[in-house]
Amino acid sequence: MIGFVMVGTNDLDKAINYYDALLEIIDLKRTVTNEKYVGYSSKERSEDIEFYVTNPANKEKATYGNGVQVSFVVNSKGTVDKFYNLGIKLGGKDEGGPGIRPSGEYYCYLRDLDGNKICAFAKINN
């Protein structure tokens with residue numbers, strides 16, 4: 001079981017603006033903010049942080065992991081579309097637009113402002 005996910009950033013303020021808007025679409029809100037990191041929780045369980053964005057603790061440049069991806073399960077194709085479109089509008093980069101993948105589920109892929117690969121997907125009925 002995964003407790004939470006954390007991605008690095010080189011500009012926390014820009015990352016906050018990006019993720020505050022993007023994660024709102026999937027009902028996550030920022031519940032922790034300090035000079036080093038922010039944490040996002042579901043609106044129903046604000047005490048359980050699920051996703052962090054942080055400046056690296058070692059003070060070196062944040063880099064993305066090649067082959068690493070954070071995936072958010074959402075409740076509809078429409079939410080996947082909104083997530084992708086807003087992520088791109090906010091400055092993210094396309095890694096695969098919304099669509100049905102070989103698994104039969106509906107996915108989108110993009111990179112955030114620091115190059116972290118993020119995904120939203122919905123389980124759909126065939």
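The structure presented is a predicted model; accordingly, all values stated were derived computationally and were not measured. (Residues numbered from 1 in each chain as written. Predicted model: local features only at pLDDT ≥ 70, side-chain atom pairs only at ≥ 80, totals over all residues. Heavy atoms only, no water.)

Quick word on the nonpolar core
Operational definition: We define a nonpolar core as any set of buried Ala, Val, Leu, Ile, Met, Phe, Trp, Tyr and Cys residues linked to one another through side-chain atoms lying within 4.5 Å. Accessibility here uses a 1.4 Å probe with only protein chains present; expressed as a share of the type maximum, an area under 20% marks a residue as buried, one over 50% as exposed, and anything in between as partly exposed. Helix and strand definitions here come from DSSP, where helices need a minimum of 4 consecutive H or I residues and strands a minimum of 2 consecutive E residues; each element is numbered from the N-terminal end.
Of all hydrophobic cores here, the largest spans 26 residues; its most connected members are Tyr 19, Leu 23, Phe 51, Val 53 and Phe 83. Listing elements by their share of this core, those giving two or more residues are helix H1 (12–24), strand E3 (37–42), strand E4 (49–54), strand E5 (70–74), helix H2 (77–89), strand E7 (106–111) and strand E8 (117–122). With 7 residues, the top contributor of residues to this core is H1.

Overview of the pattern of salt bridges
Heads up, the rule is: Take a side-chain nitrogen of Lys or Arg and a carboxyl oxygen of Asp or Glu: if they are within 4 Å of each other, that pair is a salt bridge.
According to the stated counting rule, one finds 5 salt bridges in the structure shown. Between Asp 27 and Lys 43 there is a salt bridge, and its shortest N-O distance comes to 3.9 Å. Of this pair, Asp 27 sits in the loop between H1 and strand E2 (28–33) while Lys 43 sits in the loop between E3 and E4, and the two are 16 residues apart along the sequence. Two residues, Arg 111 and Glu 95, come together in a salt bridge whose shortest N-O distance is 3.3 Å. Placement of the pair is Arg 111 in strand E7 and Glu 95 in strand E6 (residues 93–100), with a sequence separation of 16 residues. Look at Arg 111 and you get buried, because its relative accessible area is 17%. A residue is classified by how much of its surface remains accessible, and Glu 95, at 35% relative accessible area, is partly exposed. One salt-bridge network, in which partners are shared between bridges, spans Glu 24, Asp 27 and Lys 43.

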